[in-house]
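Commentary on secondary and tertiary structure
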Amino acid sequence: MTSPCYHCGLPVPAGSNHTVVIEGTSRSMCCPGCEAVASAIVSGGLDGFYRYREKQSDRPEQSQPQDRWGAYDLPEVQQQFVHDWDGEAKMAALLIGGITCAACVWLIEKHLGQLTGIEKVSVNASTQRAQVVFDPEQIQPSDLFEALERIGYRPAPATAANRESVIQSEHRAALRRLGVAGLGTMQVMMFAIALYFGAGSGDVGEFERYFRWVSLLVATPVVFYAARPFFSAALRSLRARHLNMDVPVSLAIGLAYGASFYATVFGTGEVYFESISMFTFFLLLGRTVEMRARHRAGLASGGLAQLLPMTAAKFAGDEITHIPVAALTEGDRILLRPGDTVPADGEVLEGESGVDESLLSGESALQQKAMGSPVYAGSVNGDSSLTVRVVAAGRSTRLSAIERLVERAQLDKPSQVALADRVAGIFVGVVLLAALGAFAVWWQLDPSRAFWVALSVLVVTCPCALSLATPAALASATLRLQELGLLVAGGSLLETLPQISRVVFDKTGTLTRGEPRILQINLIRDDWTEQRVKDVAAALESQTHHPLARAFRSWRGNLAASQLKVHTGRGLEGHIDDVRYRLGRADFAVSKPEKAPEGEGQWLLLADDRGAVAWIALGDKLRESAPQAVEQLGRMGLSVELLSGDQSGEVQRLASEAGIAHFRAGASPEDKLTHMRQLQSQGEAVLMVGDGLNDVPVLSGADASVAMMSAADLAQSRADAILLNGDLQVLAQSVELARKCRRVVRQNLAWALGYNAIALPLAVCGLVPPWAAAIGMSLSSLVVVVNALRLSRAKSPEGGIARRAPDLQPGFAD
Amino acid sequence: MDSLYFLIPIAVVFVALATKVFFWAVNNGQYDDLETEGRRILFEDDLQGPSSEPGEKEQ
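Residues numbered from 1 in each chain as written. Chains lettered and ligands numbered in written order. Predicted model: local features only at pLDDT ≥ 70, side-chain atom pairs only at ≥ 80, totals over all residues. Heavy atoms only, no water.

As annotated in an unreviewed UniProt entry, chain B carries the name Cbb3-type cytochrome oxidase assembly protein CcoS and comes from Microbulbifer echini.

Right, here's the structure in full:
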């Protein structure tokens, strides 16, 4: 094995001859895609990129149809992502996939900046968005897309810009609140030290009154600005007649502030400003971490892989015009070229082609379409052109039907009530009763002390530790999971993971790489080598968009083929060095074929004029981490199952290779959901791992769900978490971490409740002086936070796993 | 001790100013992307080398 590909870091297969000279040294590349990107970067004079970058780049996709970006120049399409800027200039909002580190930002800004007509480029690495200001007279949006693709990124129009601005303003508001709470806490703490030393003297001195007023001044914005989200959330939950943690939090902050205000104005009693501020700050910190993780996941899946194209090629008479997909209606005739995504459901009028429906059905083999066969929106046309009559567009397509299935599945999703919220309901009741009881008893004994004792009951039992117990542990575990490579999007994932009893995998793209590889070559003729077979096959496949052609892309360009002809559904033929070769199904390649050899995968036959040359077996390979992951999950007491839409024997082969005993093949999206419901009604809690569109209903309906990074967009947005690096072993580590997190939450809750159980009777008896209440409160909160932090030091995975993870740590600012 | 009567208000005014500056920074997008901006200056510096003579590296 030679050194890995200099661009993407994947191994370079033997016999591949792609190199680029970078900074004076010749570097090997794994495929023509990487080679093209690397030479585009070098020829732009930007090879410094390779010195600056801290992570390998993504492997670029195979070459796509040339004019695919032209559609973005249509005015109807442009108005979705291009906005007016000063004067003549326009600004395009783009979403860029494949940004792995800060050097990518530099590369994109420099590369676009070199084009004429570009006025300003700004790229944000953490949101993967770019804003490009350009002069529409000199450059078109399609040129931007093409330029970005040339240097290896996956551009898409950022039509979800509104959503992004919501996230941005939420994020900024959270930071401002955190800032106010942080600065306020520091100040009030300082004054509190002075107060502690003056306290206990009984009557309120002049300095003490002064310090109280200053503390009041500083704590007021903390309560009324920084803590406002707690008050509004508590109000909402009361309106919904349901007690959650925000209620006791608001009660504690509100009452303690009210009492301290009263004490300050009338010069009696005790003040608790420092406790209020610190409490607010800690709670906000936990919530901000959680929010950032959620936003991050939302942005990562923000519409990169669009399911439908933006335009369609429609026949108007004999002319072809490009119209926006939204304008397609029933009865239109459209043209699908090889590689095009089908924009609407329809019926084939002319042509024959293989269509990839894996996104919809999970079936890995191409479906052969001829005159009269139906095609579905969202599938991809394979090897030759089709003319299609639109039968259903927009909401009535099969794709939309799946989306509706998803919505229904999500409504039925087993609901999770957070443990802390359940405890909160009981806790609030008990504390309020105790405070009322104390007030009533002291009213009989000593009316002048009744109010202060009741208040000290509320403050001492202030649910600081209780309400920090869960968020602190969740935030710390979320950050740790991100380092491992699992991006948590749904808040309840960490609470459901420990209860999981069964893990269900999808096949294509999840358990496997979702890409065909050469499994085996059987030579029939003696004077041939495996290498020559690969070179010839690669040359023959070099022009097609057939998914199987990907298996050969590493050797493309070693030989040149001419007069290539595609026989759809059967194979290819072409001339190399004046010899005619055929590659494809056995009965196509030679007239009297022998039986294909025994063995796994899909067998293709390569033949020349004289007869058969070699058998080539192609198949999807398991991810390297799959067998270990299955074994680890099994050792943790979870049952593992494979549920695939694929009909072929591949399912059984891969299941046994991965060590999975239970498997089901040929399951439609509806079947998958029914199966899941069945499991759930048997009392199983299911973790679904999938990537395709056909998995989306199951992902939404499962107790917990994980989507792969390469997954369909919709799948990512419906899953509770996204697996960033494709390493399935992370799943087992995540389940373990979630279990540990649950233990920590329970310890924290036990500690908080235990502390309150001791403090409450003392306070009711009027035995707790204010300084002791404040110290007890702070100490119990600190114990809880420190305990939660242990989670972030949980055992790291064995080397080389978190290749892409570090760039997704939230850069945290406060 | 009487100095406290004007030193503490000064401290409070400074905190108010700090908060204002922080608000400005947040609203101005200074905290939107923390990964790239810190490194940008390094890239700019080195760019002078390779990109001013792009032909050199390509033979």
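With that settled, consider the nonpolar core. Residues and elements named next belong to chain A. In terms of nonpolar packing, the biggest core is built from 104 residues, with Phe505, Leu511, Ile660 and Leu728 touching the most fellow members. Take this core: its biggest share by element is 13 residues, from helix α25 (residues 729-764). Every residue in contact with Leu728, bar those within four places of it in the chain, is listed here: Phe505, Thr510, Leu511, Arg623, Ser625, Ala626, Ala629, Met708 and Leu723. One finds Cys8, Val20, Ala125 and Val132 within the second-largest nonpolar core, a separate group that totals 51 residues. (Core = buried A, V, L, I, M, F, W, Y, C linked by side-chain atoms within 4.5 Å. Buried < 20%, exposed > 50% of the residue type's maximum accessible area, 1.4 Å probe, protein only. Helix = DSSP H or I, 4+ residues; strand = E, 2+ residues; numbered from the N terminus. Contact = heavy atoms within 4.5 Å.)

Quick look at the sheet that holds strand β23 (residues 602-608) of chain A now. For sheets, the rule is that strands pair by backbone hydrogen bonds, running either parallel or antiparallel. Residues and elements named next belong to chain A. Judged by pairing direction, the sheet is antiparallel, and its six strands sit side by side in the order β19-β24-β23-β22-β21-β20 without closing on themselves. Edge positions in the open sheet fall to β19 (512-523) and β20 (562-567), since each of these has one partner strand only. Each adjacent strand pair in this sheet contributes to an overall mean axis angle of 20°, direction not counted. Bridge count for β19 against strand β24 (residues 611-622) is eight bridges, and the pairing is antiparallel. (Pairing = 2+ DSSP bridges. Axes fitted to C-alpha atoms, helices over the stretch in contact; angles between N-to-C directions.)

This part takes up helix α1 (residues 4-27) of chain B. Residues and elements named next belong to chain B. In a regular helix each residue adds 1.5 Å, so 24 residues correspond to 34 Å; α1 covers 34 Å between its end C-alpha atoms and thus fits that length. Among the residues of α1, Ile8, Val12, Val15, Thr19, Phe22, Ala25 and Val26 are the ones counted as buried. One or two positions beyond α1, positive phi appears at Gly29, with a value near 85°. (Expected span 1.5 Å × (residues − 1).)

What follows concerns the sheet that holds strand β14 (residues 374-375) of chain A. Residues and elements named next belong to chain A. What the six strands build is an open sheet, ordered β9-β8-β10-β16-β11-β14; its pairing is antiparallel. A strand with exactly one partner marks an edge of an open sheet, and here the two such strands are β9 (319-324) and β14. Sheet topology note: the strand β11 (residues 345-350)/β14 ladder contains two bridges and is antiparallel. Across the sheet, residue Glu347 finds its bridge partner in β14, namely Pro374.

Residue and element names in this part refer to chain A. A grouping of Arg422, Lys740, Arg742, Arg743, Arg746, Arg790 and Arg793 is seen on the molecular surface, where their side chains present a positively charged patch. When you line up the elements, Arg790 lands in the segment after α26 (770-789). Residue class for Arg790 comes out partly exposed when judged on its relative accessible area of 42%. (Patch = residues over 30% accessible without salt bridge, like charges linked within 9 Å, V, L, I, M, F, W, Y side chains within 5 Å. Areas by Shrake-Rupley, 256 points an atom, 1.4 Å probe, with all protein chains shown as cover. Salt bridge = Lys/Arg side-chain N within 4 Å of Asp/Glu carboxyl O. Lys, Arg positive; Asp, Glu negative; His and termini not counted. Charge placed at Lys NZ, Arg CZ, Asp CG, Glu CD.)

Residues and elements named next belong to chain A. Here helix α8 (residues 228-239) crosses helix α9 (residues 246-266) at 130°, and the two axes come no closer than 8 Å. Classified by the angle between their axes, α8 and α9 sit oblique to one another. The hand of the α8/α9 crossing is left-handed. Residues Phe230, Phe231, Ala233, Ala234, Ser237 and Leu238 of α8 form the contact with α9, whose own contacting residues are Asp246, Val247, Val249, Ser250, Ile253 and Gly254. Of the residues contributing to the contact of α8 with α9, the split by class is eight nonpolar, three polar and one charged. (Parallel < 35°, antiparallel > 145°, perpendicular 65-115°, else oblique. Left-handed = near helix turned anticlockwise from the far one by under 90°. Nonpolar A, V, L, I, M, F, W, Y, C, P; charged D, E, K, R; others polar.)

Residues and elements named next belong to chain A. A grouping of Trp213, Phe261, Tyr262, Val265, Phe266, Phe439, Trp443 and Phe451 is seen on the molecular surface, where their side chains present a nonpolar patch of about 820 Å² in accessible area. If you list the elements that add at least two residues to the nonpolar patch, you get α9 and α13 (419-445). Of the residues forming the nonpolar patch, the biggest block, four residues, is contributed by α9. Within the fold, Trp213 resides in helix α7 (residues 206-226).

Okay, the UniProt feature "transmembrane region" (unreviewed entry) in chain B next. If you check UniProt for "transmembrane region" (unreviewed entry), the listed places come out as residues 6-26 of chain B in our numbering. Within the segment residues 6-26 of chain B, helix and strand shares are 100% and 0% respectively, and the terminal C-alpha atoms sit 31 Å apart. (UniProt positions renumbered as here; feature names shortened; annotations may be inferred.)

Moving on: the environment of Phe439 of chain A. Residue and element names in this part refer to chain A. Assignment of secondary structure puts Phe439 in helix α13. By relative accessible area, Phe439 is classed as partly exposed at 31%. For the pair Phe439 and Val453, spaced 14 residues apart in sequence, the C-alpha separation works out to 6.9 Å. The contacts of Phe439, once residues within four sequence positions are left out, are Ala450, Phe451 and Ala454.

As a further point, take the pairing of β23 of chain A. Regular strands show a simple pattern: their side chains alternate between the two faces of the sheet. Residues and elements named next belong to chain A. Most of β23 sits inside the fold, with six of its seven residues counted as buried. Bridge count for strand β22 (residues 579-584) against β23 is three bridges, and the pairing is antiparallel. Across the sheet, the residue bridging to Gly584 is Leu605, located in β23.

The next thing to look at is the environment of Ser3 of chain A. All names here are of chain A. Residue placement: Ser3 occurs in the segment before β1 (18-22). A sequence separation of 26 residues divides Ser3 from Met29, and the C-alpha atoms of the two residues are 9.3 Å apart. Each residue touching Ser3, except ones within four places of it in the same chain, is listed here: Val12 and Ser28.

Let us look at the pairing of strand β6 (residues 129-134) of chain A. All names here are of chain A. Within β6, five of the six residues are buried, which leaves the element mostly enclosed by the surrounding structure. Across six bridges, strand β4 (residues 90-97) lies against β6 in antiparallel orientation. Within β6, the position partnered with Leu94 by the bridge is Ala130. Bridging between strand β5 (residues 118-124) and β6 involves six bridges; their strand directions are antiparallel. Bridged to Asn124 within β6 is Arg129. Here β5 folds back onto β6, and the loop between the two strands holds four residues, one of which, Gln128, carries a positive phi near 60°.

Taken as a whole and assessed by the stated rule, the structure comprises 15 aromatic pairs over all chains. Between Phe49 of chain A and Tyr50 of chain A, the aromatic rings sit 5.3 Å apart at their centres with planes inclined by 70°, giving edge-to-face as the arrangement. Each member of the pair, Phe49 of chain A together with Tyr50 of chain A, is buried. Taken together, a centroid distance of 4.6 Å and an interplanar angle of 50° make the contact between Tyr210 of chain A and Tyr5 of chain B tilted. Of this pair, Tyr210 of chain A sits in helix α7 while Tyr5 of chain B is found in helix α1, placing the two residues in two different chains. The class for Tyr5 of chain B is partly exposed, based on a relative accessible area of 30%. A connected cluster of aromatic rings, assembled from ring pairs, spans Phe191, Phe207, Tyr210 and Phe211 of chain A together with Tyr5 of chain B. (Phe/Tyr/Trp six-rings, centres within 6.5 Å; stacked < 30°, edge-to-face > 60°.)

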